[in-house]
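# Survey of secondary and tertiary structure
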Amino acid sequence: MVLKTTIQGFLTAVKGLLLTVRHLFAARKSRETIDIRDEKYFEKQEGVTTVQYPKEKMPIPEVGRYQLHVEIDDCIVCDLCAKACPVDCIAIESIKSPEAIGKTSDGSVKRLYAAQFDIDMAKCMYCGLCTVVCPTECITMTNQYDKSTSKLTDLIYGFTEMTTEEVAQRKEEWTRFQAEKEAAKKK
Ligand code: SF4
Ligand code: SF4
């Protein structure tokens, strides 16, 4: 009984040692940067497991969810993305226009100006819901992930192209239009 246990203990120690030696030799070469779509991805996980980032970067999947982008010319400022966001990290302010202001690339009519369109990527949890509900598909996840910064406010991305003066002018136009409409009703 004692002999059997001793032999078993010895074999276990040898097994563990062999595993350590195997990894020791494998660690002499750096790990290949393998694309996750490679059929042998899991079989090729050999070598030093750390990646020398930023000199070395792992390939990322096409459907990965990273930095958001808004093609503002195609946005109809419907606010659906902001409403769908579970963490309220999209801030939109719209200004109505008395008439249509143009069309998006898919032919949707634009009637609102985007006075503000900010996304706080520090709060974003990359769920992708905003991209799913967008009727014009103008808010998308890009493959950009290297956005580290030491200032948290740098992670608030603004997408509106309107200046403060333009915003004030459009607001004034809408107020005037409304006043004229009211006055016409009273006549
Ligand atoms: S990906 Fe999710 S959390 Fe991020 S802005 Fe879109 S809806 Fe909000
Ligand atoms: S859902 Fe799309 S069109 Fe609507 S405000 Fe958001 S980005 Fe613009």
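The name an unreviewed UniProt entry gives the protein chain is NADH-quinone oxidoreductase subunit I, with Sphingobacterium wenxiniae as the organism.

## Section: the packing of aromatic side chains
Per the counting criterion, the structure on display carries four aromatic pairs. A centroid spacing of 5.1 Å and a plane angle of 90° characterise the contact between Tyr-41 and Phe-42, whose relative ring orientation is edge-to-face.

## Some details on a nonpolar patch on the surface
There is a patch of nonpolar side chains on the surface, built from Leu-3, Ile-7, Phe-10, Leu-11, Val-14 and Leu-18 and spanning about 620 Å² of accessible area. Within the secondary structure layout, Phe-10 lies in helix 1 (residues 2–26).

## Here we look at the site of ligand 1
Neighbouring ligand 1 are 13 residues; Cys-85, Cys-124, Cys-127, Gly-128 and Cys-130 lie closest to it. Classifying every residue of the shell around ligand 1 gives twelve nonpolar, one polar and no charged.

## Things to note about the sheet that holds strand 5 (residues 112–120)
Strand order across the open sheet formed by three strands is 2-5-7, with antiparallel pairing between neighbours. Only two strands of the sheet have a single partner each, and these edge strands are strand 2 (90–96) and strand 7 (156–158). Recorded for the sheet is a direction-independent mean angle of 15° between the axes of neighbouring strands. Pairing between strand 2 and strand 5: seven bridges, direction antiparallel.

## Some thoughts on the site of ligand 2
Not every one of the 14 residues close to ligand 2 is listed here, only the nearest: Cys-75, Cys-78, Asp-79, Cys-81 and Cys-134. Split into classes, the residues belonging to the shell around ligand 2 amount to twelve nonpolar, one polar and one charged.

Rules of the game
- Residues numbered from 1 in each chain as written.
- Chains lettered and ligands numbered in written order.
- Predicted model: local features only at pLDDT ≥ 70, side-chain atom pairs only at ≥ 80, totals over all residues.
- Heavy atoms only, no water.
- Phe/Tyr/Trp six-rings, centres within 6.5 Å; stacked < 30°, edge-to-face > 60°.
- Patch = residues over 30% accessible without salt bridge, like charges linked within 9 Å, V, L, I, M, F, W, Y side chains within 5 Å.
- Areas by Shrake-Rupley, 256 points an atom, 1.4 Å probe, with all protein chains shown as cover.
- Salt bridge = Lys/Arg side-chain N within 4 Å of Asp/Glu carboxyl O.
- Helix = DSSP H or I, 4+ residues; strand = E, 2+ residues; numbered from the N terminus.
- Near = heavy atom within 4 Å.
- Nonpolar A, V, L, I, M, F, W, Y, C, P; charged D, E, K, R; others polar.
- Pairing = 2+ DSSP bridges.
- Axes fitted to C-alpha atoms, helices over the stretch in contact; angles between N-to-C directions.

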